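Working through the structure, step by step
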Amino acid sequence: MRESCLHVETFGSGAPLLLIHGWGMHGGMWGALVEKLAEDFCVQVVDLPGHGFSGKSEGKRGKGGASVLPLSLPSSPFPIDNIVAELSAKFAQPLSVCGWSLGGQIALRWAQLEQHKIQRLVLVASTPCFVQKDDWTCAMASETLTEFAAALQGNPMQTLRRFIGLQVRGSERERELLTSLRAALLSRGEPNLDALKSGLEILRDSDQRAALQHLAQPTLIMSGERDTLTPQGASEYMTKTLPNARLVTIAGAAHTPFLSHPDEFVMQLKNFMNSKND
């Protein structure tokens, strides 16, 4: 098997827990949450292909961090399977995965393809299907995502900043969160445009509702009460459909509950990770 080309940082020791960020972001967006989780677990934080330090040369990375190889995705007609293959190549041993937003969809697909490797799932502000369909209304209108794709082509960074605004809209401490996220956005450089386009393709095309009933891993679903990007109905659907899932809704939070309510988020995640299989 060829060597993976992902930037990964590791903190703490204990049971392995991988954090996967959302669209257009990077591993640094998890902030101080990582140190709190590292008190109990071996926390591994990844930059997805084309994001953060993954795929950047040493001279473009800035200070700190692990070594990085050039971006190289496996060949697949499905963008989400490209990313899963890259993650699988990097992480050979069984582990638990916490995925935020797009990262949650990636985690779901990985758990479907390698059920023996993914021990537990934590799905944060995520959904099995990001866009609305005739039988799926708790999602973003497909026209809105199409507008994002068109805007991305013309002005990628302005589009990312707009998306950040949607993530924190309605949250407690909204202005503070917006300032923090915008400051962190470019702390590892600009994401690769092709990677951004690929991420939007995943959000547009991925519909994993049919797979949920076959995923037996213990799963924690963490949602924000005020989330407008992945509505509460999607979290409730996953909780009912997954065989072994529990739902925690964080009051006052929007699409970034781990940043707006870090103490409650960490407490719920640690309780889940330390619990016996249901």
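Please refer to the structure placed before this passage.
Okay, so let's go over this structure. From a predicted model like this one, the values you see are computed outputs, not experimental measurements.

1. A word on the layout of surface pockets
By volume, the largest pocket amounts to about 240 Å³. Looking at the largest pocket, it is lined by 14 residues, and the ones nearest its centre are Phe78, Ile80, Arg109, Asp205 and Ser206. Elements with a minimum of two residues in the lining of the largest pocket: helix H3 (79–90), helix H4 (102–113) and helix H8 (193–205). Among the residues forming the lining of the largest pocket, the class breakdown is six nonpolar, three polar and five charged. Its volume calculated, the second largest pocket comes out at about 170 Å³. Every residue along the wall of the second largest pocket is listed here: Leu145, Thr146, Ala149, Leu152, Gln153, Lys197, Leu200, Glu201 and Arg204. At the level of secondary structure, the elements contributing two or more residues to the lining of the second largest pocket comprise helix H5 (142–154) and H8. The element that contributes the greatest number of residues to the lining of the second largest pocket is H5, accounting for five residues.

2. A short note on H5
Taking 1.5 Å per residue, 13 residues should reach 18 Å; H5 reaches 19 Å between its end C-alpha atoms and fits that length. Of the residues making up H5, those classed as buried are Leu145, Phe148 and Leu152. What you see down the axis of H5 is that its buried residues fit within an arc of 50°, all on one side. In H5, the exposed residues that point more than 90 degrees away from the buried face are Glu143, Thr146, Ala150 and Gly154.

3. A word on helix H9 (residues 232–241)
Within the span of H9, buried status applies to Ala234, Ser235 and Met238. Taken around the axis of H9, the buried residues stretch over an arc of 100°, which confines them to a single face. Buried residues along H9 sit in contact with H4, strand S5 (118–124), strand S6 (219–224) and strand S7 (245–250).

4. Some remarks on the pattern of salt bridges
Tallied over the entire structure, the rule returns eleven salt bridges. A salt bridge links Asp40 to Lys270; its shortest N-O distance comes to 2.8 Å. Pair noted here: Asp40 is in the loop between helix H1 (33–37) and strand S3 (42–47) and Lys270 is in helix H11 (residues 262–274), with a separation of 230 residues, a long-range link. In this structure Asp40 comes out as partly exposed when scored by relative accessible area, which is 35%. Linking Arg188 and Asp47 is a salt bridge whose minimum nitrogen-to-oxygen distance equals 3.0 Å. Of this pair, Arg188 sits in the loop between helix H7 (174–185) and H8 while Asp47 is found in strand S3, placing the two residues 141 residues apart along the sequence. When salt bridges with common partners are traced through the structure, they connect Glu9, Asp47 and Arg188 into a single cluster.

5. A few points about the side chain of His26
On the secondary structure map, His26 appears in the loop between strand S2 (16–20) and H1. At a separation of 3.0 Å, a polar atom in the side chain of His26 contacts the main-chain amide nitrogen of Gly28. Only 2.8 Å separates the side chain of His26 from the backbone oxygen of Ala184, close enough to count as a polar contact. Excluding residues within four positions of it along the chain, His26 makes contact with His21, Asp47, Gly52, Ala184, Leu185, Ser187 and Arg188.

6. Quick notes on the pairing of S2
Taken across its five residues, S2 has four buried, putting it largely inside the fold. As judged from the five bridges shared by S2 and S3, these two strands associate in the parallel manner. By the bridge assignment, Leu19 is partnered in S3 with Val45. Here S2 runs beside strand S4 (residues 95–100); their pairing, made up of four bridges, is parallel. Within S4, the residue paired with Ile20 across the bridge is Gly99.

7. A few points about the packing of H3 against H4
The relative placement of two packed helices is expressed as an angle between their axes plus a distance between the axes. With their axes 10 Å apart at the nearest point, H3 and H4 run at an angle of 70° to one another. Comparing their axes, H4 and H3 come out roughly perpendicular. Facing Ile80, Asp81, Ile83, Val84, Leu87 and Ser88 of H3, the residues of H4 in contact are Gln105, Ile106, Arg109, Trp110 and Leu113. Looking at the contact of H3 with H4 residue by residue, the classes come out as seven nonpolar, two polar and two charged.

8. Notes on the pairing of S4
Along S4, six of the six residues are buried, which leaves the element largely enclosed by surrounding structure. Both faces of S4 are covered, namely the face carrying Leu95, Val97 and Gly99 and the face carrying Ser96, Cys98 and Trp100. Sheet analysis places S4 next to S5, joined by five bridges and oriented parallel. What sits directly across from Cys98, in S5, is Val122. In terms of handedness, the path from S4 via H4 over to S5 forms a crossover that is right-handed.

About the cut-offs
Residues numbered from 1 in each chain as written. Predicted model: local features only at pLDDT ≥ 70, side-chain atom pairs only at ≥ 80, totals over all residues. Heavy atoms only, no water. 1 Å grid on protein atoms, 1.4 Å probe; cavity = no way out; pocket = protein on both sides within 12 Å on 5 of 7 lines; lining within 4 Å. Points joined across faces, edges and corners; volume = space filled by probe spheres on them. Helix = DSSP H or I, 4+ residues; strand = E, 2+ residues; numbered from the N terminus. Nonpolar A, V, L, I, M, F, W, Y, C, P; charged D, E, K, R; others polar. Expected span 1.5 Å × (residues − 1). Buried < 20%, exposed > 50% of the residue type's maximum accessible area, 1.4 Å probe, protein only. Arc of directions from axis to C-beta. Contact = heavy atoms within 4.5 Å. Salt bridge = Lys/Arg side-chain N within 4 Å of Asp/Glu carboxyl O. Polar contact = N/O pair within 3.5 Å; in protein donor to acceptor, adjacent residues only side chain to side chain. Pairing = 2+ DSSP bridges. Axes fitted to C-alpha atoms, helices over the stretch in contact; angles between N-to-C directions. Parallel < 35°, antiparallel > 145°, perpendicular 65-115°, else oblique. Right-handed = clockwise from strand over helix to strand, strands pointing away.

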